[in-house]
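Next come the chains, spelled out residue by residue.
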Amino acid sequence: MRYLTAGESHGPRLTAILEGVPAGLSLTAEDINFDLKRRQGGYGRGGRMKIESDQVEITSGVRHGKTTGAPITLHVINKDHQKWLDIMAVEDVEDKVKLKRRIKHPRPGHADLVGGMKYRFDDLRNSLERSSARETTMRVAVGAVAKRILAELDIEIANHVVVFGGKEIVIPDGLTVSQIRDLAAQSEVSIVNQEREKEIKAYIDQIKKDGDTIGGVVETVVGGVPAGLGSYVQWDRKLDGRLAQAVVSINAFKGVEFGVGFQAGHLKGSQVMDEILWSEEEGYTRRTNNLGGFEGGMTNGQTLVIRGVMKPIPTLYKPLMSVDMDTHEPYKATVERSDPTALPAAGVVMESVVATVLATEILEKFSSDNMEELKAAVGSHRDFVKRF
Ligand code: EPS
């Protein structure tokens, strides 16, 4: 399975083409719209999300509610484009239109300046338009399809915020994946510990008033993943490595960790490794899950625990200093519409890219043209692992 996304933040629409989905998967626009709506939500979203109400149009690869095995094309309209018709026009326009929303004061931390150097732009809007986090709409749309595949294989996924702008959330012990999903869904800031809700919302209000932004850490958990996905035999087949690439590729994400993650650098081997157990009902399990479900770049049958860190959004209403591209004199960075935080939305994006990598991996190991074959192959692998 593979995919590409296309589209600019203020262009007419966003597009994704997803190839390699087996035939016979039930799929509706509603399945995708559900997650698109989740991505638009969360406390701290800015003005753009009031304009858009993202809805997918599926224009290929699905017929009468089921995938056909053909490439699936997904589109989402940018409603805001109607206000940007001349600025985003495909055909050439008059010079005065070109100057209307020209960007020449690059925002620190954004792709503006280096994109301009690399692609030789006089107007940094060309960098901004494609590097905007609006693109993550399509990664969520693709991820929703991947999640449909995982659901058919009894694999469940959830995400929640574990650090919000420096405020650590204490997570009750022993929560299941579905409990995490349900608790986070009830929270406007996507946390499982509701006692902190008010304080975090007040903090976001303050940050907004200050013209500043905050990031944080989101955790994605995945249950029911069969052991043996990924491989140790070659560097680029290690599944934790593939997931790390997908997570760090999300706009503003700066790092990823699995299980105890960077904490492992402070602990002894005896505190980190998960002791191996065996029982008649379950086969091999582990006493703990410090390694977050990965050993040797492969899943070990435990719940996957993956965390990603998002830096604060670089577009600030109270801008930092930059340089004017025409004069090279100091100048305040461009102020574009922004959000004080998009952390709950970023969690939905992370969940989506993790689901996409996992579905891709499953289809690599259990290559199947249709869902019946896929279910049978995964089922027989699970039986084998249980009897091992
Ligand atoms: C976003 C869309 C963007 C921003 C935000 C996230 O739309 P606009 O620029 O029209 O307001 O709201 O992205 C950024 C702040 C950024 O720097 O990329 C979205 O759809 O998630």
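Please refer to the structure higher up on the page.
Starting from 1, residues in each chain are numbered consecutively following that chain's sequence as written. Only residues with pLDDT of 70 or above have their local features reported here, since the model is predicted, and side-chain atom pairs are shown and tallied only from 80 upward, although totals for entire chains, interfaces and linings are computed over all residues. Values reported for side chains reflect all heavy atoms of the structure, with hydrogen atoms and water molecules removed beforehand.

Caption draft 1: Quick look at helix H12 (residues 371–387). Strands are runs of DSSP state E lasting at least 2 residues, helices are runs of H or I lasting at least 4, and numbering of each runs from the N terminus. Here, expected helix span is obtained from the residue count minus one, scaled by 1.5 Å. Taking 1.5 Å of rise per residue, 17 residues should cover 24 Å, and H12 covers 24 Å from first to last C-alpha, within 8% of that figure. Note on exposure labels: buried denotes an accessible area under 20% of the residue type's maximum, exposed denotes more than 50%, and partly exposed covers the range between, all computed with a 1.4 Å probe on protein chains only. The set of residues buried in H12 consists of Met371, Leu374, Val378 and His381. One side of H12 holds all its buried residues, which, seen down the axis, span an arc of 95°. Facing away from the buried surface of H12 by more than 90 degrees, the exposed residues are Glu372 and Arg387. Looking at the buried residues of H12, the elements they touch are helix H6 (136–152) and helix H11 (343–365). Its side-chain oxygen 3.2 Å from the backbone nitrogen of Glu372, Asn370 forms the N-cap of H12. Note: the arc covers the axis-to-C-beta directions of the helix. Whether two residues are in contact is decided by their heavy atoms: any pair within 4.5 Å suffices. We call two N or O atoms a polar contact when they sit within 3.5 Å, provided that within protein one can donate a hydrogen and the other can accept it, with sequence-adjacent residues counted only if both atoms are side-chain atoms.

Caption draft 2: Expanded view of the side chain of Glu197. Among the structural elements, Glu197 can be located in helix H8 (residues 197–209). As used throughout, the charge tally considers Lys and Arg to be positive and Asp and Glu to be negative, leaving His and the chain termini uncounted. Salt-bridge detection follows one rule: a side-chain nitrogen of Lys or Arg within 4 Å of a carboxyl oxygen of Asp or Glu. Of the buried charged residues, Glu197 lacks a salt bridge, with Lys201 as the closest side chain of opposite charge at 4.5 Å. A polar contact is formed between the side chain of Glu197 and the side chain of Ser187, at a distance of 2.7 Å. If we ignore the near neighbours within four places in the chain, the residues touching Glu197 are Ser187, Glu188, Val189 and Ile191.

Caption draft 3: View of the packing of helix H9 (residues 239–248) against H11. Only the stretch in contact is used when a helix axis is fitted, and all axes are lines through C-alpha atoms; the angle between N-to-C directions ranges over 0 to 180 degrees. In contact at an axis separation of 9 Å, H9 and H11 are set at 145° when each is read in the N-to-C sense. As for the relative orientation of H9 and H11, their crossing is right-handed in sense. Of the residues in H11, those in contact with Leu239, Arg242, Leu243, Ala246 and Val247 of H9 are Met350, Val353, Val354, Val357, Leu358, Glu361 and Glu364. Here the contact of H9 with H11 is built from residues that sort into nine nonpolar, no polar and three charged. Handedness of a helix crossing follows the sense of rotation of the near helix relative to the far helix, less than a right angle counterclockwise being left-handed and clockwise being right-handed. Lys, Arg, Asp and Glu make up the charged group, whereas Ala, Val, Leu, Ile, Met, Phe, Trp, Tyr, Cys and Pro make up the nonpolar group; the residues left over, Gly among them, are polar.

Caption draft 4: Molecular detail of the site of the ligand. Around the ligand, 16 residues are found, and the nearest of them are His10, Arg39, Arg48, His110 and Arg337. The separation between an oxygen atom of the ligand and a polar side-chain atom of Arg45 is 3.1 Å. Interatomic distance of 2.8 Å between a side-chain N/O atom of His110 and an oxygen atom of the ligand. Whether a residue is near a molecule or strand depends on its heavy atoms: it is near if one of them lies within 4 Å of it.

Caption draft 5: Spotlight on the packing of aromatic side chains. Between 30 and 60 degrees the pair is tilted, below 30 it is stacked and above 60 it is edge-to-face, where a pair is any two Phe, Tyr or Trp rings, Trp via its six-membered ring, whose centres lie within 6.5 Å. As enumerated under the stated definition, the model contains four aromatic pairs in all. Judged by centre distance (5.2 Å) and plane angle (75°), the ring pair of Phe258 and Phe294 falls under edge-to-face. Here Phe258, found in strand E10 (residues 253–258), pairs with Phe294, found in strand E13 (residues 294–295); they are 36 residues apart in sequence, far enough to count as distant. Since its relative accessible area comes to 18%, Phe258 is described here as buried. Pairwise contacts between aromatic rings join Tyr284, Phe384 and Phe388 into one cluster. In this structure, Lys167 is placed above the aromatic ring of Tyr203, and the distance from its NZ or CZ to the ring centre is 4.6 Å. Taking NZ or CZ as reference, Lys201 lies 5.1 Å from the ring centre of Tyr43, over its face. Working rule: Lys NZ or Arg CZ, within 6 Å of ring centre, within 35 degrees of ring normal, means a charge sits over the ring.

Caption draft 6: Structural detail: the sheet that holds strand E15 (residues 304–310). What makes two strands pair is DSSP finding at least two bridges between them. Read across the open sheet, the five strands follow the order E8-E7-E9-E15-E10; overall the sheet is antiparallel. Lying at the two open borders of the sheet, with one neighbouring strand each, are strand E8 (167–168) and E10. Sheet topology note: the E10/E15 ladder contains five bridges and is antiparallel. Directly across from Gly255, in E15, lies its bridge partner Val309. Its contacts with the sheet put helix H7 (residues 177–186) on strand E7 (156–164) and strand E9 (216–223), and the angle it makes with E7 is roughly 55°.

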